[in-house]
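Chain and residue survey
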Amino acid sequence: MRRPFDTMLALAAAIAFAFLLLPIVALFLRVAPNDLIGGLGSEEVRDALLVSLKTSAIAHVIVLLVGTPVAYLLGTRSFRGRGLLITLIELPLVLPPAVAGIGLLAAFGRRGLLGDELEALGVRIPFTQTAVVLAIVFVASPFYVRQAIAAFASVDRTLLDASRTLGSGPARTFRRVALPLAAGGLAAGSSLAFARGLGEFGATILFAGSFPGVTRTAPLAIYAELDRSFDSALALGALLVVVSVVVLVAVKALTSWTLFGWTSPSPSAPSTSS
Amino acid sequence: MAAVTFSDVSKTFPDGTTAVSDLDLETEDGEFMVFVGPSGCGKTTALRMVAGLEEISGGEIRIGDRVVNEVSPKDRDVAMVFQTYALYPHLTVYDNIAFSLKLRKEKKEHIDKRVREAARTLGLEPFLDRKPRALSGGQRQRVAMGRAIVREPQAFLMDEPLSNLDAKLRVQMRAEISRLQRTLGVTTIYVTHDQVEAMTMGDRVAVMRKGELQQVAPPQELYDHPLNLFVGGFIGSPAMNLLEATLERSNGGLSAALGDQRLSLGEEALAARPALKRYEGQKVVLGLRPEHLEDAALVTDAPADKRLQGEIELTEALGSELMVHLKVAAPPAVTEEVKELAADIGADVAAELEEAKGEQQTTVVGRFSAESNVKEGETTEVAVDTRALHFFDVESGLGIYDETKGATR
Ligand SMILES: Nc1ncnc2c1ncn2[C@@H]1O[C@H](COP(=O)(O)OP(=O)(O)O)[C@@H](O)[C@H]1O
Ligand SMILES: [Mg+2]
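What counts and what doesn't
Residues numbered from 1 in each chain as written. Chains lettered and ligands numbered in written order. Predicted model: local features only at pLDDT ≥ 70, side-chain atom pairs only at ≥ 80, totals over all residues. Heavy atoms only, no water. Helix = DSSP H or I, 4+ residues; strand = E, 2+ residues; numbered from the N terminus. Buried < 20%, exposed > 50% of the residue type's maximum accessible area, 1.4 Å probe, protein only. Contact = heavy atoms within 4.5 Å. pLDDT = per-residue confidence, 0-100. Pairing = 2+ DSSP bridges. Axes fitted to C-alpha atoms, helices over the stretch in contact; angles between N-to-C directions. Expected span 1.5 Å × (residues − 1). Parallel < 35°, antiparallel > 145°, perpendicular 65-115°, else oblique. Left-handed = near helix turned anticlockwise from the far one by under 90°. Bend = angle between axes of the 7 residues up to and from the residue. Salt bridge = Lys/Arg side-chain N within 4 Å of Asp/Glu carboxyl O.

1. A closer look at the environment of Phe6 of chain B
All names here are of chain B. Inspection of the secondary structure assignment puts Phe6 in strand E1 (residues 4-12). Residue class for Phe6 comes out buried when judged on its relative accessible area of 1%. For the pair Phe6 and Val67, spaced 61 residues apart in sequence, the C-alpha to C-alpha distance is 9.9 Å. Contact partners of Phe6, with chain neighbours within four places excluded, come to Leu23, Asp24, Leu25, Phe35, Ala46, Val50, Glu60, Ile61 and Ile189.

Right, dumping it as structure tokens:
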């Protein structure tokens, strides 16, 4: 009975991997390594990558700075309406990005909900780099916050209590105890959110447009290039894969390094026999 | 060091649960005070209110002269030891112990000296570089103690610190904590549901039930003069046998009728409990401690009216003594308190109690001398030390003592 079942599992895995890896393999088969480097020589490609990295980085900092306290609140306190709040945070996950883009326009656009107020302040958001950042924050933040809530919730509450009785205030307890203990989950959520932000397309193009050097991120540039030359679109795509993989590996490594730091006994510890 | 004082302290949780009501209790400076009671009676909540981890709904808690109701936990200067130890998994034993000292920004050399001192006292020196997960349960417990003592707090608060250890280690740590507390002389509130811990460790023991303080007294007094049925039944192991009895007058004295059998109470019992006279002709709860029962064959002059007859269900030879479970044809006392005590031991115990009530049969535990030759299945005579009987009011559950103190506290 086991054999056929195992074979089935293996087959499903093989199909899944083949399907998931095929586009990436195809991409790199079509793009010679030289074109990859050469791509960086093109101004459009460089601009697009720079816009992407800059907006993603700023958006990510915002997500971390605002999302972490929110997640701490939702993860460690129990109050009425907590479940509802968590659901609201997850909403952008299920929203089609195009809908997110329209929604952002409806909120921050000139004739949007906050249009008059922003006008009075002399702030224009749509079709600027700020809009790109907002779009990324909107779409990517749930990936971080959701995981961060879970990470904080899994920190043993008595550890936080203990810290408070040992003389640290709530802020220090957060920094010295909750944060290091949740770091693994935070890092995982952080890498997911960053990757999602880097790939953002739908909300950005609707809310920020696709102006070269300003709001044209790498994914938008790929789309724009597609009309002109399939090859340079391919090259840009391959570059984006490389950047994404580098980022993912960096964050993963950071995560496991932190985790490793906790689990392994420190090198100077004597053997376990006592 | 400072005394901890509860004045009319109450705690009601947002969901409406009242965990502690009107707790009035004063610990003395340097005292080892034990809170004991079945699980759910509010011990942890009371302790957490002292630590500042739980808001106080009513009343006042003082540490020394200072009312701490509004003082944040970090400024209360107490050290709490948690049931699960609450050690930081990401820190070494050294850093766990040093945690509070580092927060205070004390000098490195000073911190080092204190941590090493504590480690030496607790036998933790070889483990300072390890993470908690590489320690045994007993060692973790010691780290938690170490983390508390380096703070040199006004008071220690310990929440069932030994409940996660195996029996043997528990006995050892019990002695160690007692010794440590005596050496340091720091006021300690120690919470446990284990009455043996309470009896062996406490200078005084506070018995709690459903959020209410029942009695505070030194262990021996608690044992000898329980104020009520709950305290009598909770303190002591094996527990006090509780039967329903009717007080009758016979040959000029009082006797307790247990089913068809009678125990003559004698002058001493009456002298110690003058209020008993008022219960003549009434039902009372009779409490018999196991050590006051003995195989009648081993007692040279046990009068016939100070004996009970019963069928031996089970004997447990402990070497030093023989624990005997015997069935006596008399109804058990079944009151709210008794049911609660039974339920705390286990659901099956509570069910058995109801069954026994229906059959008018009570299983009584006796602590016989090891020389006893009684066998399971036999019917035997048991000598009862009637001077040591306990009596409680059926309705109020209060101990029946003298007229004035009688049924009030
Ligand atoms: N945070 C809470 N919210 C609501 N009820 C609680 C809370 N903590 C404890 N309780 C309730 O208060 C009572 C006392 O609990 P606790 O102090 O933990 O008892 P103990 O330590 O004696 O076992 C219990 O009925 C428990 O269910
Ligand atoms: Mg408890």
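2. Focus: the confidence of the model for chain B
Within chain B, residue pLDDT values average 92, and 98% of them lie at 70 or more. Both scores are given for the predicted complex: the pTM is 0.84, the ipTM 0.83.

3. Considering the sheet that holds strand E8 (residues 187-192) of chain B
All names here are of chain B. Pairing is mixed in the open sheet, where 6 strands are placed in the order E6-E7-E8-E3-E9-E10. Across the chains shown, the open sheet's two edge strands, defined by having one partner strand only, are strand E6 (78-81) and strand E10 (212-217). For this sheet, the mean inter-axis angle between neighbouring strands, taken without regard to orientation, is 15°. Of the pairings in the sheet, the one linking strand E3 (residues 32-36) to E8 comprises 5 bridges and is parallel in character. If you follow Phe35 over to E8, its bridge partner there is Val191. Lying over the sheet, helix H4 (residues 137-149) contacts E6 and strand E7 (155-159), oriented at roughly 175° with respect to E6. The strands that helix H5 (residues 167-184) touches are E3, E7 and E8; relative to E8, the one it contacts most, it runs at about 160°.

4. Remarks on H4 of chain B
Along its 13 residues, H4 of chain B runs 19 Å from first to last C-alpha, staying within 8% of the 18 Å computed at 1.5 Å per residue. The buried count for H4 of chain B comes to 11 of 13 residues, which makes it a mostly enclosed element. All of the buried residues along H4 of chain B are Gly138, Gln139, Gln141, Arg142, Val143, Ala144, Met145, Gly146, Arg147, Ala148 and Ile149 of chain B. Packed against the buried residues of H4 of chain B are helix H8 (157-165) of chain A together with E6, helix H2 (93-103), helix H3 (108-122), E7 and H5 of chain B.

5. Notes on the packing of helix H5 (residues 97-108) of chain A against helix H7 (residues 129-153) of chain A
For any two helices packed against each other, one specifies the inter-axial angle together with the distance between the axes. All names here are of chain A. Between H5 and H7, whose axes approach to 11 Å, the crossing angle comes to 125°. One finds that H5 runs oblique with respect to H7. Seen along the crossing, H5 lies across H7 with a hand that is right-handed. Between H5 and H7, the contacting residues are Ala100, Leu104 and Phe108 on the first element and Leu134, Ala135, Phe138 and Val139 on the second.

6. Structural notes on helix H4 (residues 82-94) of chain A
The periodicity of an α-helix, 3.6 residues per turn, causes residues three or four positions apart to be oriented the same way. Relative to the 18 Å expected for 13 residues at 1.5 Å per residue, H4 of chain A spans 19 Å between its end C-alpha atoms, a close match to the ideal helical length. Of all the bends in H4 of chain A, the largest measures some 25° and sits at Leu88 of chain A, one to four residues before the proline Pro92 of chain A.

7. Quick look at the pattern of salt bridges
Residues and elements named next belong to chain B. Throughout the structure, instances matching the rule amount to 27 salt bridges over all chains. The salt bridge involving Arg120 is made with Glu125; its shortest N-O contact spans 3.5 Å. Judged by its relative accessible area of 42%, Glu125 is partly exposed. Between Arg307 and Glu381 there is a salt bridge; the shortest N-O distance is 3.3 Å. Residue Arg307 is located in strand E16 (residues 307-317), and its partner Glu381 is located in strand E19 (residues 379-384); the two are separated by 74 residues in the primary sequence.

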